[in-house]
Amino acid sequence: MNLRLDHLRHLPILALMLFTTLLAGCGINNIPTLDEQAKAAWGQVQNQYQRRADLIPNLVETVKGYAQHEQETLTAVVEARAKATSIQVDAGTLDNPEKLKQFQQAQDQLSGALSRLMVVVERYPDLKANQNFLALQSQLEGTENRIAVARRDFILAVQKYNTEIRTFPGRLWHSVLYSDLPIRETFEATSPNAEKAPEVKF
């Protein structure tokens, strides 16, 4: 008799464990998991843009040593970098489409300023042969490729997250438990061939 009572005492705990296992298997954790993955992917986008911003001062100084008459172009790069680094979109503001658009536009302006600088460099053969400049060129090329990959990964992470909260059973869990998590915006092309990493050739 005592043995049966002991089993009955543990019944609520066993039922709770079974219920928890069933919930875990039916996707209750998918939405927060995908939300965190999208935020992590965004962090990588920011990391690569910061890497590019960190390269620019050395690049400008190296070019300045050979092309002092190109002050207007150099100033445009410096100003575009300052604007791009002043707009931050963290996990707290990632769901703000206007903020994301401002961030994207500032990064696009910096890309344009760097492209104009590349055209200027063509006029200075000595600069193109400088070892420090060649190293910076290589790092910048690699960074542009990393930016393209990070943006693609973020777009895919957001797509998975948005799909989860708009399809069954994720839609059900979203309405019941995660209604504070909105559909998330992603990058949109704002210039022709924006999906391609720019060629960095000096």
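Residues numbered from 1 in each chain as written. Predicted model: local features only at pLDDT ≥ 70, side-chain atom pairs only at ≥ 80, totals over all residues. Heavy atoms only, no water.

### A look at the overall build of the protein chain
Working step 1: The helix and strand inventory of the protein chain stands at 7 helices and 0 strands.
Working step 2: Each helix (α) and strand (β) of the protein chain, taken in turn from the N terminus, gives the series α-α-α-α-α-α-α.
Working step 3: A burial count over the protein chain gives 35% of its 202 residues as buried.
Working step 4: Of the contacts formed within the protein chain by residues at least 6 apart in sequence, a portion of 80% connects residues at least 24 apart.
Working step 5: About 12,200 Å² of surface is accessible on the protein chain, with carbon and sulfur atoms providing 55% of the total. (Helix = DSSP H or I, 4+ residues; strand = E, 2+ residues; numbered from the N terminus. Buried < 20%, exposed > 50% of the residue type's maximum accessible area, 1.4 Å probe, protein only. Contact = heavy atoms within 4.5 Å. Areas by Shrake-Rupley, 256 points an atom, 1.4 Å probe, with all protein chains shown as cover.)

### Concerning a nonpolar patch on the surface
Working step 1: Together, Phe168, Leu172, Val176 and Leu177 line one region of the surface with nonpolar side chains, adding up to about 430 Å² of accessible area.
Working step 2: With respect to the helices and strands, the residue Leu172 is situated in helix H7 (residues 170-176).
Working step 3: Taking the relative accessible area as the measure of exposure, Leu172 reaches 41% and is therefore partly exposed. (Patch = residues over 30% accessible without salt bridge, like charges linked within 9 Å, V, L, I, M, F, W, Y side chains within 5 Å. Salt bridge = Lys/Arg side-chain N within 4 Å of Asp/Glu carboxyl O.)

### Quick notes on the packing of aromatic side chains
How two aromatic rings sit relative to each other is set out by the distance from centre to centre and by the angle between their planes.
Working step 1: On inspection of all chains with the given rule, the structure shows 3 aromatic pairs.
Working step 2: Between Tyr49 and Phe103 the ring centres are 5.6 Å apart and the planes differ by 75 degrees, which places this aromatic pair in the edge-to-face class. Taken as a pair, Tyr49 in helix H2 (residues 30-66) and Phe103 in helix H4 (residues 97-121) lie far apart in primary sequence, 54 residues in all.
Working step 3: For Tyr49, a relative accessible area of 7% puts it in the buried group.
Working step 4: Within the aromatic cluster, the residues linked to one another by ring pairs are Trp42, Tyr49, Phe103 and Phe154.
Working step 5: Above the ring of Tyr161, the side-chain terminus of Arg184 is found at 4.8 Å from the ring centroid. (Phe/Tyr/Trp six-rings, centres within 6.5 Å; stacked < 30°, edge-to-face > 60°. Lys NZ or Arg CZ within 6 Å of the ring centre and 35° of its normal.)

### Notes on the confidence of the model for the protein chain
Working step 1: Chain-level pLDDT for the protein chain is 85 on average; 80% of the residues reach the 70-or-more range.
Working step 2: Mean pLDDT across the elements of the protein chain ranges from a minimum in helix H1 (residues 2-25), with 55, to a maximum in helix H6 (residues 131-166), with 96. (pLDDT = per-residue confidence, 0-100.)

### A few points about the side chain of Asn162
Working step 1: Mapping Asn162 onto the fold places it in helix H6.
Working step 2: The residues touching Asn162, leaving out its near neighbours within four places in the chain, are Ile183 and Arg184.

### Thoughts on the packing of H2 against helix H3 (residues 71-86)
For any two helices packed against each other, one specifies the inter-axial angle together with the distance between the axes.
Working step 1: In the contact formed by H2 and H3, the axes pass within 10 Å of each other and the chain directions differ by 170 degrees. Between H2 and H3, the crossing angle belongs to the class labelled roughly antiparallel. Contact residues: H2 offers Ala53, Asp54, Ile56, Pro57, Val60, Val63 and Lys64, while H3 offers Leu74, Val77, Val78, Arg81 and Thr85.
Working step 2: Across the contact of H2 with H3, the residue classes break down as 8 nonpolar, 1 polar and 3 charged. (Axes fitted to C-alpha atoms, helices over the stretch in contact; angles between N-to-C directions. Parallel < 35°, antiparallel > 145°, perpendicular 65-115°, else oblique. Nonpolar A, V, L, I, M, F, W, Y, C, P; charged D, E, K, R; others polar.)

### Regarding H2
The periodicity of an α-helix, 3.6 residues per turn, causes residues three or four positions apart to be oriented the same way.
Working step 1: An ideal rise of 1.5 Å per residue puts 54 Å on 37 residues; H2 measures up with 55 Å between its terminal C-alpha atoms.
Working step 2: Taking the largest bend as the criterion, H2 deviates by roughly 30 degrees, centred on Ile56, and proline Pro57 comes between one and four positions later. (Expected span 1.5 Å × (residues − 1). Bend = angle between axes of the 7 residues up to and from the residue.)

### As for the environment of Gly92
Working step 1: Inspection of the secondary structure assignment puts Gly92 in the loop between H3 and H4.
Working step 2: The exposure class of Gly92 is exposed, given its relative accessible area of 69%.
Working step 3: C-alpha of Gly92 to C-alpha of Lys39: the two residues are 53 residues apart in sequence and 9.5 Å apart in space.

### A look at the nonpolar core
For soluble globular proteins, nonpolar side chains are generally found buried alongside one another.
Working step 1: In this structure, Trp42, Val45, Leu59, Val63, Val77, Leu114 and Phe154 are the most contacted members of the largest nonpolar core, which totals 39 residues.
Working step 2: The set of elements that each furnish at least two residues to this core consists of H2, H3, H4 and H6.
Working step 3: Sequence-distant contacts of Phe154, that is, excluding residues within four places in its chain, are made with Ala38, Ala41, Trp42, Val45, Leu94, Glu185, Thr186 and Phe187.
Working step 4: Counting residues in hydrophobic clusters, the runner-up holds 8 residues, among them Ile28, Leu34, Ile165 and Leu181. (Core = buried A, V, L, I, M, F, W, Y, C linked by side-chain atoms within 4.5 Å.)

### Some thoughts on the pattern of salt bridges
Working step 1: Under the counting rule described, the total for this entry stands at 9 salt bridges.
Working step 2: One salt bridge in this structure joins Lys39 and Asp35, with 3.3 Å as the shortest N-O distance. Taken together, the residues span about one helical turn, with Lys39 and Asp35 both in helix H2 at a distance of 4 residues.
Working step 3: The closest approach of N and O atoms between Glu61 and Lys64, which form a salt bridge, is 3.2 Å. Highlighted residues: Glu61 and Lys64, both in helix H2, separated by 3 residues, approximately one helical turn.
Working step 4: The network of salt bridges with shared partners includes Asp35, Glu36, Lys39, Asp95 and Arg184.

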